[in-house]
Amino acid sequence: MPLDPADLDGIAELDLGRGARRGYPEAIFCEGKTVAQVRAIAANLRRATASGETSGAALFTRISDEQAAAVLAVLPEALHDETARVVAWPPTAPEPTGGLVAVFCAGTSDLPVAREAVLTLTYLGRPTELVVDVGVAGLHRILDRVDLIAEARAIVVVAGMDGALASVVAGLARAPVVAVPTSVGYGTAFGGLAPLLTMLNACAPGVGVVNIDNGYGAGHLAAQIAAPF
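Bear in mind that the values here come from a model prediction, so they are computed numbers and not experimental data. (Residues numbered from 1 in each chain as written. Predicted model: local features only at pLDDT ≥ 70, side-chain atom pairs only at ≥ 80, totals over all residues. Heavy atoms only, no water.)

Colleague: Would you take a moment to explain the overall build of the protein for this structure?
Modeller: Secondary structure assignment for the protein yields nine helices and nine strands. On C-alpha atoms alone, the protein measures out to a radius of gyration of 18 Å, which is about the 17 Å that the 2.2 N^0.38 rule sets for 229 residues. Counting only C-alpha atoms, the protein reaches 55 × 40 × 25 Å along its principal axes. Each of the 229 residues in the protein was classed as buried or not, and the buried ones make up 46%. Working note: accessible area of the protein is about 10300 Å², and carbon and sulfur atoms make up 54% of it. Charged side chains of the protein number 15 positive and 23 negative; the gap between the two group centres comes to 4 Å. (Helix = DSSP H or I, 4+ residues; strand = E, 2+ residues; numbered from the N terminus. Rg over C-alpha atoms; globule rule 2.2 N^0.38 Å. Buried < 20%, exposed > 50% of the residue type's maximum accessible area, 1.4 Å probe, protein only. Areas by Shrake-Rupley, 256 points an atom, 1.4 Å probe, with all protein chains shown as cover. Lys, Arg positive; Asp, Glu negative; His and termini not counted. Charge placed at Lys NZ, Arg CZ, Asp CG, Glu CD.)

What follows is the structure in structure tokens.
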């Protein structure tokens, strides 16, 4: 098992100072990486933590089951959320500070992206509440959450299909809305392009849009909006 930083030559250069520089942990996007590469990154993260070079906090995003098994062999204490496809190290998130971030998930099929946003928010230290299956096909479901919408400092809306939920929530909210289009939908959703365009053309002001299926990016942006400073 690689433990020397040289083992990452030609593979990666861990940003061990990100937590001190930005206040947010390192993130490793696992899609496109081999199991051996992800394992080497995890081993070097553990070495850097043991040597005091870093606090060691990191999120492995878009991680496959095979990659997760390799990371957990090196970091057995890490948290693996199979739905979010995230491994978080260390397993205990920081105490939440700042404002509440509400995450609204239009349908159960959008849950992997919503859970990625929630895990990101949690490990970036924000109090977070997830509400699932409140899409506009049953408008009463989101209207029943107006108190939560009013309480939130920032809001993440995750939706595929027509992506209309972001506009609806923004029309009810005083906080900024971070909209996440997902690749969920029938053929003319074009793998998330249809909800992306809907969100970009939202008639309600205060909507910012991240890339398709980018739960990590949405969670990170919302965490910065709701930061205590």
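Having put the structure on the table, let's press on.
Colleague: Explain the environment of V168 to me, please; I cannot follow it from the model alone.
Modeller: Summarising the element assignment, V168 is placed in helix α7 (residues 165–170). For V168, a relative accessible area of 25% gives the class partly exposed. Separated by 35 residues in the primary sequence, V168 and C203 place their C-alpha atoms 9.4 Å from one another. Those residues in contact with V168 that lie beyond four places of it in its chain are V136, L139 and I142. (Contact = heavy atoms within 4.5 Å.)

Colleague: Just checking my understanding: could you explain the sheet that holds strand β5 (residues 101–105) for this structure?
Modeller: The strand order across the open sheet built from five strands is β6-β5-β7-β8-β9, with neighbouring strands paired in parallel fashion. Looking at the sheet topology across the chains shown, the edges are occupied by β6 (128–132) and β9 (207–209). Between one strand and the next, the sheet's axes are offset by a mean angle of 20°, whatever the strand orientation. Summarising the sheet, strand β8 (residues 177–181) and β9 pair through three bridges and their orientation is parallel. Note that in β9 the partner of V177 across the bridge is V207. Sitting on the sheet, helix α9 (residues 215–225) touches β5, β7 (154–159) and β8, and the angle it makes with β8 is about 180°. (Pairing = 2+ DSSP bridges. Axes fitted to C-alpha atoms, helices over the stretch in contact; angles between N-to-C directions.)

Colleague: Would you take a moment to explain the pattern of salt bridges for this structure?
Modeller: A side chain of one charge can pair with a side chain of the opposite charge when the charged atoms of the two come close. Throughout the structure, instances matching the rule amount to five salt bridges. The shortest N-O distance in the salt bridge between R46 and E77 comes to 3.4 Å. You can see R46 sitting in helix α2 (residues 35–51) and its partner E77 sitting in the loop between α3 (65–74) and β3 (79–81), a full 31 residues away along the chain. What makes R46 partly exposed here is its relative accessible area of 31%. (Salt bridge = Lys/Arg side-chain N within 4 Å of Asp/Glu carboxyl O.)

Colleague: Could you clarify how one ought to interpret unusual backbone geometry in this entry?
Modeller: Most peptide bonds are trans, and most residues other than glycine sit at a negative phi. Residue P90 is reached from W89 by a cis peptide bond, and omega for that bond is -5°. With respect to the element layout, P90 can be found in the loop between β4 (86–89) and β5. The phi angle at R85 is positive, at roughly 60°, despite the residue not being glycine. Tracing the backbone through its elements, the reader meets R85 in the loop between β3 and β4. Judged by relative accessible area, R85 falls into the partly exposed class, the value being 31%.

Colleague: Just to check I follow, could you spell out the pairing of strand β2 (residues 58–61) for this structure?
Modeller: In the case of a regular strand, side chains alternate between the two sheet surfaces. Here β2 shows a buried face lined by A58 and F60 and a second buried face lined by L59 and T61. Judged from the four bridges that link them, strand β1 (residues 26–29) and β2 form a sheet pairing that is parallel. Counterpart to E26 in the pairing with β2 is A58.

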